[in-house]
Structures are given as structure tokens and as C-alpha cells.
Amino acid sequence: MPVLIRRYKGNNGMMQEERIDDDDRIERYMRLFEKDDVKKLQTGVKCFIEKDEWQLLR
């Protein structure tokens, strides 16, 4: 089961991590990203999109 990991800096300035394991939510996020970023994520590479770090684990 794939897991999309999002690391971001919260309002308090501390790094936070969100693990998304719902297939529908992962698919919705993938539609928001640019094609180059989606290709990188599908290979398991960490990508910085906006100010957040994303990684897709399969």
C-alpha cells in the first residue's frame, strides 16, 4: 500500500510530518502536482514542492 509523506514547517516553526495512506487522497494530490514532480515521486525521490517536502513510498 503506498504512503505519501509530507514534511512541512507548522505555524509554530517546528517541522511536522503527515502520512497519507488513503489511495483517493494520494490520487488527488498527484493531480495537483506538475508532471515532472509526479515522475520523481513515483521513483521514490524526495521532492520539494512549494515549501513542503514530499515522498511517495510503495
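This text follows the structure it describes.
Residues numbered from 1 in each chain as written. Predicted model: local features only at pLDDT ≥ 70, side-chain atom pairs only at ≥ 80, totals over all residues. Heavy atoms only, no water.

Asker: Can you lay out the pairing of strand S1 (residues 3–9) for me, pointing to particular residues and giving the numbers?
Answerer: Every regular strand shows the same layout, with side chains that alternate between the two sheet faces. Among the seven residues of S1, five are classified as buried, and the element is accordingly described as predominantly covered. Alignment of S1 against strand S2 (residues 15–20), held across six bridges, turns out to be antiparallel. The partner of Arg 7 across the bridge, within S2, is Glu 17. Connecting S1 to the antiparallel partner S2 that follows it, the hairpin turn spans five residues, and Gly 13 within it adopts a positive phi of roughly 90°. (Buried < 20%, exposed > 50% of the residue type's maximum accessible area, 1.4 Å probe, protein only. Helix = DSSP H or I, 4+ residues; strand = E, 2+ residues; numbered from the N terminus. Pairing = 2+ DSSP bridges.)

Asker: Account for the packing of aromatic side chains, naming residues and giving values.
Answerer: Here the structure, examined in full by the defined rule, presents three aromatic pairs. Seen from their ring centres, Tyr 29 and Phe 33 are 6.4 Å apart, and the 25° between their planes marks the pair as stacked. Assessed through its relative accessible area of 12%, Phe 33 is described here as buried. Aromatic ring contacts, followed pair by pair, group Tyr 29, Phe 33 and Trp 54 into a single cluster. A cation over a ring is seen here: Arg 6 above Tyr 8, with NZ or CZ 4.1 Å from the ring centre. (Phe/Tyr/Trp six-rings, centres within 6.5 Å; stacked < 30°, edge-to-face > 60°. Lys NZ or Arg CZ within 6 Å of the ring centre and 35° of its normal.)

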